[in-house]
Amino acid sequence: MTTISPASLPFLVGLPVGAAGAGGTGGSGGSSAPQDVVDVRTPLPGGTFTVAAGDSLSVRELFDAGPDAWDKVALYRVGLRDDPSTPGGGRLLLRGEDVTGRTDFTPAEFNELQFIAGPDGAKTDLVVVARSGTPDGKGGLRSIVDSPAVQITASTTGTRSINAAAALRSLPGEDEAAFLRIAQDAALFSGVGTQARLALTTVGNFTAEADDSLSVRELFDAGPDAWDKVALYRVGLRDDPSTPGGGRLLLRGEDVTGRTDFTPAEFNELQFIAGPDGAKTDLVVVARSGTPDGKGGLRSIVDSPAVQITASTTGTRSINAAAALRSLPGEDEAAFLRIAQDAALFSGVGTQTRPGLTTVGNFTAEADDSLSVRELFDAGAGAWDKVALYRVGLRDDPSTPGGGRLLLRGEDVTGRTDFTPAEFNELQFIAGPDGAKTDLVVVARSGTPDGKGGLRSIVDSPAVQITASTTGTRSINAAAALRSLPGEDEAAFLRIAQDAALFSGLGSQTRPALTTAIPAGGPDLPLASLAAAAGMFQALGLAATATQAPAQLYADAPGAFRTTAPADAGSRTALALLLANQVGGYAMAGDTRQRSLLAILAYQRLAQG
């Protein structure tokens, strides 16, 4: 049984103390009359940030009690706690004096209070409470009411996360000054009064091959009316110093890596060039609205939240960035990526509805196992009436021996991509030899026959990718798809799982619930293991929006992203959401409800796997 241990998480998700009931009284007043309750919150999505050793950050920019804090808050309470397993820890400075041992600060002092990050590898928890009350004439307060206590964690990793960029008071080096300035400006120009911030969506973190060229416009999107609303795009790159070289920006063949500001027309042509093997490059983008001031600048500036993703040159192209790819892939994966690219293109317009597609997720098999593709991917109960064509592609992991194949009525059709619904129902996947890994991508296509053997009014489902790993053990999530006859040693075991998939209920029938009394146990799952876990999958076609601000459990996972947008109520389900995001469970996630459902399913599969 596998589990995700809190010790493996970069942050813990928890509701603030007292969040369930914010009302009440405090102090010596003893009155039962409702009291005015102040609220303090952190603008950091997920409650964690990363810094370089010795960084100085404004505590006031890390915690915010709202626009009327000056009138309501009488006192701020601040505490630090070092992780004993890490070297040293953080400190508090006030006007140059070390005040780490103090807890109470006036609003004026709080505005000047700075947090100093610890040495490399250090982790420090910060907890803050905003206190309201009436001076009692003796230097204290009566009728005290505290905000919920809010805790965040500062990790000294050597890389500064953009969610705390606005709080940074240390001067960054030239290698990341422009990058961080974009995030800092976005926090400054967040709009006042009725000014509305632009939304910005992203495909999320992605993997690429060395020197791949990708359209930045396809990696970040300001929406269908961007041309009317966006006056300027701001783009910055930052290389991971621990990796070789890094990425570049090209505009019409010219290297513009050092530029940050681009007109909408330039942004549409801007390309990102991936670095050499092993490189990692952060990209940050902001969409800026404003009115031309007649002097070449803008007035009434409002920036979108800054959104950061990471490009990792792993040698494998992740499908969430397939639509952005401008490099020509080799024959070994051209058809595979084309399916994902076409699905992004034929995503529907106006009132057109995309077909749905679900999957059993990643699975393990024995060598040469035969599995029904129809049982691995499902377009739903109405598929026969809605789906006109299925598109299927395979891609082998070049580091493993051989790979999988597609068979249709005994014939090898691995090179084909298009299958009628009748053919799809008979299509089988044949697992490769021991140690092989094969990616499968599937799209369900709707449309109207054009009378010439093709379709018009085409709408594709999101492209969904899973990985088949030939480990010698058959995972039960794909048991219903298994067409090979298992040996006596596991026939009864797999039959139970197969029957459970068959007798899943019809109409109003409700499936019985089943839990286990055995507590979760087993090893923690690192990123690589979690991404490959049975039941996980990747999808292309539903965008994660920065305004939803899902905190990132694994910041390096494909589909993950960072943003300077404030955390919202969605962070309460961050653990589940991020398990789904981490494994690509919608690498480009859908709306909150979709992501929550997918995440819960992903988590349950991990917990029960």
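So, how was this worked out
Per chain, residues are indexed from 1 in the order of the written sequence. Residue-level local features of this predicted model are given only where pLDDT is at least 70; pairs of side-chain atoms are given and counted only at 80 or more, and the full residue set underlies all totals for whole chains, interfaces and linings. Each side-chain value is worked out from all heavy atoms of the structure, with water and hydrogens disregarded. Helix and strand definitions here come from DSSP, where helices need a minimum of 4 consecutive H or I residues and strands a minimum of 2 consecutive E residues; each element is numbered from the N-terminal end. A contact between two residues is defined here by any heavy atoms of the two lying within 4.5 Å. Throughout, the Shrake-Rupley method with a 1.4 Å probe supplies accessible areas, and for residues the shown protein chains are the sole cover considered. Note on aromatic pairs: the rings of Phe, Tyr and Trp (six-membered ring only in Trp) are paired at centre separations within 6.5 Å, and the planes decide the class, stacked below 30 degrees, edge-to-face beyond 60, tilted for the rest. Remark: exposure states derive from per-residue accessible area (1.4 Å probe, protein chains only) relative to the maximum for the residue type, with buried under 20%, exposed over 50%, and partly exposed in between. Strand pairing requires that DSSP identify at least two bridges connecting the strands. As used in this structure description, the phrase polar contact means that two N or O atoms lie within 3.5 Å; if the pair is within protein, one of them must be able to donate a hydrogen and the other to accept it, and residues adjacent in sequence are counted only when both atoms belong to side chains. Buried Ala, Val, Leu, Ile, Met, Phe, Trp, Tyr and Cys residues that are joined via side-chain atoms within 4.5 Å together make up what is termed a nonpolar core. In what follows, salt bridge is the name for a side-chain nitrogen of Lys or Arg lying within 4 Å of a carboxyl oxygen of Asp or Glu. One less than the residue count of a helix, multiplied by 1.5 Å, gives the span that helix is expected to have.

**Q** An account of the overall build of the protein chain is requested, with residue identities and associated values reported.
**A** A tally of helices and strands in the protein chain yields 15 helices and 37 strands. Within the protein chain, residue pairs in contact and separated by at least 24 positions form 72% of the contacts whose partners lie at least 6 positions apart. When the accessible surface of the protein chain is totalled, it reaches about 28,100 Å², and 53% of it is carbon and sulfur.

**Q** Can you explain the packing of aromatic side chains? Please cite residues and give values.
**A** Per the counting criterion, the structure on display carries 5 aromatic pairs. Seen in terms of ring centroids, Y76 and F110 are 3.8 Å apart; in terms of plane orientation they differ by 5°. Their pairing is stacked. With Y76 in strand β3 (residues 75–82) and F110 in helix α3 (residues 107–112), this pair connects stretches of sequence that are 34 residues apart. Neither Y76 nor F110 differs from the other in exposure class; each is buried. Between Y390 and F424, the aromatic rings sit 3.8 Å apart at their centres with planes inclined by 5°, giving stacked as the arrangement. Taken together, the residues span a long stretch of sequence, with Y390 in strand β27 (residues 389–396) and F424 in helix α11 (residues 421–426) at a distance of 34 residues. Taking relative accessible area as the criterion, F424 reaches 0% and is therefore assigned buried.

**Q** Tell me about the environment of V360, and name the residues and values.
**A** Within the secondary structure, V360 sits in the loop between β23 (358–359) and β24 (363–365). Judged by its relative accessible area of 14%, V360 falls in the buried class. V360 sits 15 residues away from E375 along the chain, and the two C-alpha atoms are 8.0 Å apart.

**Q** Go over the sheet that holds strand β13 (residues 213–215) with me, naming the residues and quoting the values.
**A** The antiparallel open sheet is built from 4 strands, whose spatial order is β13-β19-β16-β17. Strands with a single pairing partner mark the edges of an open sheet, and in this sheet they are β13 and β17 (254–255).

**Q** How would you summarise the side chain of T313 if you had to cite specific residues and measurements?
**A** Looking at the element boundaries, T313 is found in strand β22 (residues 307–313). Note on T313: relative accessible area 6%, which makes it buried. Side-chain polar atoms of T313 contact the backbone oxygen of G275, separated by 3.2 Å. Not counting residues within four places of it along the chain, the set of residues in contact with T313 comprises A208, E209, A210, A274, G275, P276, D277, G278 and A279.

**Q** Just give me the short version of the pairing of strand β21 (residues 298–303), but keep the residues and values in it.
**A** As judged from the 4 bridges shared by strand β20 (residues 280–292) and β21, these two strands associate in the antiparallel manner. Across the sheet, P292 pairs through a bridge with L298, a residue of β21. The loop that links β20 with its antiparallel partner β21 comprises 5 residues; one of these, G294, has a positive phi angle of about 80°.

**Q** How would you sum up the nonpolar core? Please name residues and give values.
**A** The biggest cluster of nonpolar side chains holds 42 residues, and the ones touching the most others in it are F206, L219, F220, L249, L270 and F272. Listing elements by their share of this core, those giving two or more residues are β12 (206–208), α5 (216–219), β15 (232–239), β16 (248–251), β20, β22, α8 (334–345) and β32 (437–449). Leaving out residues up to four positions away in the same chain, F272 has contacts with F206, D212, S213, L214, V216, L237, G247, R248, L249, T281, L283 and A311. A69, L94, A117 and A164 belong to the second largest nonpolar core, which has 38 residues in total.

**Q** Which residues make up the side chain of R474, and what values do they have?
**A** Among the secondary structure elements, R474 is positioned in the loop between β34 (463–470) and α12 (491–502). A polar contact of 2.7 Å, which involves the side chain of R474, links it to the side chain of D369. Side-chain polar atoms of R474 contact the side chain of E490, separated by 2.4 Å. Among all residues touching R474, those that are not within four sequence positions of it are T364, A365, E366, D369, L482, S484, P486, G487, E490 and L494.

**Q** Describe the environment of D175, with residues and values.
**A** Within the secondary structure, D175 is located in the loop between β10 (150–156) and α4 (177–188). Relative accessible area serves as the criterion here: at 61%, D175 is assigned to the exposed category.

**Q** Outline the pattern of salt bridges, listing residues and values.
**A** Considering all chains together, one arrives at 40 salt bridges under this definition. Where D185 meets R234, a salt bridge forms, and the shortest distance between an N and an O atom there is 2.8 Å. Within this pair, whereas D185 is found in helix α4, its partner R234 is found in strand β15, the two being separated by 49 residues in sequence. You can call D185 buried: its relative accessible area is 9%.

**Q** Hey, could you go over unusual backbone geometry for me, with residue numbers and the actual values?
**A** Even without glycine at this site, D211 takes up a positive phi of about 70°. If you trace the backbone, D211 turns up in the loop between β12 and β13. Its relative accessible area of 53% is what places D211 among the exposed residues. In this structure, R252 takes a positive phi of about 50° despite not being glycine. With a relative accessible area of 55%, R252 lands in the exposed category.

**Q** Now, about α4: what can you tell me, with residues and values included?
**A** Over its 12 residues, α4 runs 16 Å from end to end, which matches the ideal 16 Å to within 8%, given 1.5 Å per residue. All of the buried residues in α4 are F179, L180, I182, A183, D185 and A186. On the buried face of α4, the contacting elements are β15, β20, β21 and β22.

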